[in-house]
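Structural description and commentary
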Amino acid sequence: MTATADAPRSRARRSIRVTGTVQGVGFRPFVYREAVSRGLRGFVCNDSNGVLIEVEGDEVAVTDLCRVLSEQPPPLARVTSVSVKAIAITSNAGGFEILGSVTSGPPDAAVSVDTAACLDCLAEVDDPADRRYRYPFTNCTNCGPRYTITVSVPYDRPATTMAGFVMCEKCQAEYDDPADRRFHAQPNSCPSCGPRLYYLQPDGMAVAESDHALEAAIECLLDGKAVAVKGIGGYHLAADATNETAVASLRHNKGRDAKPFAIMVSDLDKARALCHLDEEAEATLTSPRRPIVLAPSRATGILAPGVAPGLPEIGVMLTYTPLHHLIMSGVGRPLVMTSGNLSGDTISYIDSDAVERLGPLVDGLLVHDRPIHTACDDSVIRASSRRTQAVRRSRGYVPEPLALPCMARRQVLAVGAQLNNTISVAKGDTIVTSQHLGDLEHLAAYRSFAQAITHLSVLHGVEADVVVHDLHPEYLSTKYALDLDLEPWPVQHHHAHVAACLAEHQRTDTVLGVAFDGLGLGPDGVLWGGEFLVADLEGFERVGHLGAVAMPGGAAAIREPWRMALSWIVSALGSSAGVELGPELDHRWRAVLALVEQGEGVPRTTSVGRLFDAVAALLGVRRTVTYEGQAAVELEALAAGVPDSEAGAYPLDLTCDGTSTVLDPSPLIAAVVEEQHRGTPLPLIAAGFHKSLATSAASLAAKLAGERRLGTVALSGGVFQNTRLSRLMRNELRSLGFEVLLHELVPPNDGGISIGQAAIAATASGPPPAARG
């Protein structure tokens with residue numbers, strides 16, 4: 001043997017700190033197995049900052065373990081950093097062990113997202129010989145509830161809503177066995193020791209338990225009736241999606257006239273039968289996150305027409321809990337699975353509240369006794385043109401941290417907007433955002449908003465230095481912020497939209513931001529919504545905007561798009577045209593025309609969202625709405641079958657208001673009216689409107705960016721949920737040589753506002769705007 005071969009292997013001891021989403025994802029069992037397989041000794045434990053490891057043994061093996069931690073972590077883990085420090089070798093004998101969690105200092109560990117049931121667990125549920133056969137709460141370290149059952153951190157069973165369920169001998173043996181996939185699985189349970197199902201009558205009286213409860217719910221659904229089903233993050237209202245009578249009854253009871261319902265199916269093949277799915281859409285649909293995916297529908301006649309009336313796409317999701325799996329196996333057909341609430345309200349997640357609020361809407365309730373700590377709606381992702389875009393970021397995605405593009409200079413609480421509210425907290429190098437909380441005008445949503453602020457701050461150890469809010473003084477989120485004993489940090493709505501896009505793409509440079517949405521208050525008192533901003537995370541300059549028109553009736557103009565149609569008619573063609581066309585819009589046209597002509601005291605807006613409303617009303621698509629964005633959604637749907645090459649081109653004017661360039665759609669409105677009078681097919685007019693607005697907006701963005709030598713354009717705001725407009729603008733800008741930033745993981749709508757707010761305040765080099773001299 002050579003001298004080298006005879007040389008003893010050197011030993012080492014290392015302290016290893018792992019941060020990121022590393023609790024509740026099987027990370028400690030993973031470390032245990034990897035360390036033991038390498039003959040190392042030491043320990044691993046959860047603490048307030050993530051996972052702490054001390055390991056000793058052969059230096060090569062220690063180094064290899066450190067590599068595996070960052071390069072090959074468990075599937076559900078999201079490792080942010082692995083920090084290694086050499087420490088003194090000990091003389092203590094012993095092996096490797098998992099220690100109890102340690103609480104030291106403020107929490108700084110990411111909480112895992114809720115994850116769809118894995119194939120191994122579902123195989124057990126389907127196996128008559130398995131002790132978990134047909135058990136609806138089967139889970140392991142690779143799947144199951146996490147965030148929605150977490151009360152505090154570190155993540156251990158006593159810190160979850162499973163604390164009240166004591167594991168039986170068999171479950172405890174699994175929990176303690178390093179070779180078992182339920183090794184340290186905190187929600188572990190079985191029919192002997194875990195949560196149980198109950199079937200309730202609408203008045204709350206229990207009439208069946210366990211498997212009998214499941215069968216009662218399945219029978220009810222097969223009879224064309226509706227059932228409230230308690231899931232991971234709250235209740236769904238379920239009904240047979242192939243039964244028009246069942247769908248219509250659910251619409252009537254829920255108070256949801258036209259907004260499309262989400263559909264649940266059992267597997268990917270059944271989803272393919274209902275809609276067109278490209279590779280990206282299928283990957284999203286089948287991912288452990290299991291969102292609702294919006295995709296173009298197939299005209300198969302399988303679904304009842306009332307599922308998504310008049311729309312060319314449907315929202316479909318796969319089962320994501322063993323309970324869903326069992327229901328779908330028993331029903332054997334697509335089910336409506338819509339949020340358990342009255343239309344516009346928050347999702348119900350407490351059993352007593354479900355009986356009170358949902359009991360009158362359904363024929364029975366399928367409940368269980370595992371409490372939900374945090375309500376969490378299904379996430380919604382739109383799939384089109386081989387890309388995906390978040391519409392609602394919630395279950396399966398939160399509270400996964402988003403990386404800040406640079407280290408935070410302060411700890412931040414950001415309270416978001418009024419509609420589609422979320423809140424965010426920021427410290428260190430991350431932003432953590434809440435689930436979708438809804439519209440704060442609803443009391444239940446406001447309560448969830450207040451609870452989310454406390455819960456996220458505690459879970460992530462944020463002691464905010466500032467609270468960031470919108471400029472609008474009447475937003476309930478703004479009022480809440482100003483009542484806190486924190487330094488307020490006002491951020492303009494559309495700057496927050498652009499900042500959210502920048503933060504998602506890890507950018508700190510200056511871009512030309514195009515923010516198109518429903519409305520947001522500008523510092524000039526006008527309701528902005530069609531903005532061209534030179535912006536970065538430090539500030540913005542408004543360099544262009546859509547022309548401003550009267551918004552007669554204020555909020556009434558949002559609910560009644562015909563008002564905006566009349567306003568734009570007067571702006572484009574004069575009052576005489578308003579007199580001529582007003583009677584076609586609504587019988588109250590004279591009063592609204594008077595408001596438009598009055599001018600003084602009537603709100604004015606530059607909103608592109610309201611422009612979409614106006615054109616939808618002019619074309620007779622939608623003159624009143626029952627949900628946010630309905631007119632724009634249906635206008636896009638009207639244009640869906642028209643190729644871009646067949647769409648007409650209508651003019652828009654460019655003017656100057658002294659400080660910025662104005663994109664005036666008056667000629668576009670005039671052309672729409674003229675085309676309608678000519679008898680041009682409405683789909684062609686709708687497609688021409690999209691194409692003309694996209695081309696003119698892209699041309700102006702290119703002009704403004706080019707004048708300032710900016711090479712990047714960021715598109716943000718709820719209007720960019722319109723896939724046709726987004727695609728046309730993106731392609732036009734790219735053809736002109738610009739990099740285009742679009743939202744993917746962060747919603748472009750107001751669900752992303754708190755992220756933009758947090759990014760601005762966390763990274764700003766100076767004090768809040770009000771304090772700047």
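1. A word on the overall build of the chain
Per the secondary structure count, the chain includes 24 helices and 31 strands. For a compact globule of 773 residues, the expected C-alpha radius of gyration is about 28 Å, and the chain comes in at 28 Å, within 12% of that figure. For the C-alpha atoms alone, the extent of the chain along its principal axes is close to 95 × 65 × 55 Å. Buried residues in the chain amount to 60% of all 773 residues. Looking at the chain alone, contacts between residues at least 24 apart form 71% of all its contacts between residues at least 6 apart. Roughly 28,600 Å² of accessible area belongs to the chain as shown, and the carbon and sulfur atoms make up 51% of that amount.

2. A closer look at the pattern of salt bridges
The tally for this structure, following the rule as stated, stands at 46 salt bridges. The shortest N-O distance in the salt bridge between D64 and R38 comes to 2.9 Å. Remark: R38 occurs in the loop between α2 (27-37) and β2 (41-47) and D64 occurs in helix α3 (residues 59-71); sequence separation between them is 26 residues. The exposure class assigned to R38 is partly exposed, which follows from its relative accessible area of 21%.

3. Describing empty space enclosed by the protein
Evaluated as defined, the whole model comprises five cavities of 30 Å³ or more. Taken as a whole, the largest cavity spans an internal volume of roughly 120 Å³. Forming the walls of the largest cavity are 19 residues, and the residues nearest its centre are P136, I232, T321, P322 and R370. Within the lining of the largest cavity, the residues separate by chemical class into 10 nonpolar, seven polar and two charged. Approximately 100 Å³ is the volume found for the second largest cavity. The dominant element in the lining of the second largest cavity, judged by the number of residues it contributes, is α2, at three residues. Residues of the lining of the second largest cavity, tallied by class, amount to seven nonpolar, seven polar and two charged.

4. What to know about the layout of surface pockets
Of the pockets and cavities examined, the second largest pocket occupies roughly 450 Å³. Together, 22 residues line the second largest pocket, and E400, L402, E504, E744 and L745 are the ones closest to its centre. Elements with a contribution of two residues or more to the lining of the second largest pocket: α9 (279-286), β16 (387-392), β17 (402-403) and α14 (493-504). Top element by residues in the lining of the second largest pocket is α9. It accounts for three residues. The class makeup of the residues in the lining of the second largest pocket is 11 nonpolar, four polar and seven charged.

5. Focus on the pairing of strand β19 (residues 424-427)
A two-sided burial pattern is seen for β19, the buried positions comprising S424 and A426 on one face and V425 and K427 on the other. Bridge count for strand β18 (residues 412-414) against β19 is three bridges, and the pairing is antiparallel. What sits directly across from V412, in β19, is A426. With four bridges joining them, β19 and strand β20 (residues 430-433) adopt antiparallel strand pairing. Note on β20: the bridge partner recorded for A426 is I431. Linking two consecutive strands that pair antiparallel, namely β19 and β20, is a turn of two residues; a positive phi of about 60 degrees is found at G428 within it.

6. Concerning the nonpolar core
Judged by nonpolar contacts, the single largest core of 111 residues is most densely connected at L512, V514, F516, F532 and M729. The next biggest cluster of nonpolar side chains, apart from the first, holds 42 residues, and it includes L200, A271, V307 and V316.

7. Here we look at the sheet that holds strand β8 (residues 227-230)
Taken in spatial order, the 11 strands make up an open sheet running β7-β6-β14-β8-β9-β13-β10-β12-β11-β15-β16, and their pairing is mixed. Edge positions in the sheet fall to β7 (206-209) and β16, since each has one partner strand and no second. The mean inter-strand angle of the sheet, taken between neighbouring strand axes irrespective of direction, is 30 degrees. Relative to strand β15 (residues 380-384), strand β11 (residues 292-296) runs parallel, the two sharing three bridges. When the bridges of β15 are listed, V293 appears paired with I381. Strands β6 (197-200), β8, β9 (235-240), β10 (262-265), β13 (335-339) and β14 (364-368) of the sheet are contacted by helix α10 (residues 322-331), whose axis makes an angle of about 145 degrees with β13.

Quick notes on the rules
What you see as residue numbers is a count from 1 along each chain, following the sequence as written. In view of the model being predicted, local features appear only for residues whose pLDDT reaches at least 70, and side-chain atom pairs are presented and counted only at 80 or more, with totals across whole chains, interfaces and linings using the full set of residues. Calculation of side-chain values draws on the structure's entire complement of heavy atoms; hydrogens and water are dropped beforehand. Numbering of helices and strands starts at the N terminus; helices are DSSP runs of H or I of at least 4 residues and strands are runs of E of at least 2. In this setup the radius of gyration rests on C-alpha atoms only. A globule is expected at 2.2 Å times the number of residues raised to 0.38. Buried means the residue's accessible area, taken with a 1.4 Å probe over protein chains only, is under 20% of the maximum for its type, while exposed means over 50%, and partly exposed covers the values in between. Two residues qualify as a contact provided that any one of their heavy atoms is within 4.5 Å of a heavy atom in the partner residue. For the accessible areas, the method is Shrake-Rupley and the probe is 1.4 Å, while residue cover comes only from the protein chains on display. By definition, a salt bridge exists where a carboxyl oxygen of Asp or Glu is found within 4 Å of a side-chain nitrogen of Lys or Arg. A cavity here means a set of points on a 1 Å grid, drawn over the protein atoms and nothing else, where a 1.4 Å probe fits but cannot get out; a pocket is an open set with protein on both sides within 12 Å along at least five of seven lines, and a residue lines either one if it has an atom within 4 Å of a point. Grid points are joined across faces, edges and corners, and a volume is the space filled by probe spheres set on the points. Under the convention adopted here, Pro, Cys and the residues Ala, Val, Leu, Ile, Met, Phe, Trp and Tyr are nonpolar, Asp, Glu, Lys and Arg are charged, and Gly plus all remaining residues are polar. Only when DSSP finds a minimum of two bridges between them are two strands counted as paired. What we call a nonpolar core is a set of buried Ala, Val, Leu, Ile, Met, Phe, Trp, Tyr and Cys residues that are connected through their side-chain atoms within 4.5 Å. Angles here are taken between N-to-C directions and fall from 0 to 180 degrees, while the axes themselves are lines fitted to C-alpha atoms, restricted in helices to the stretch in contact.

Function cannot be inferred from these measures alone, as they are strictly geometric.
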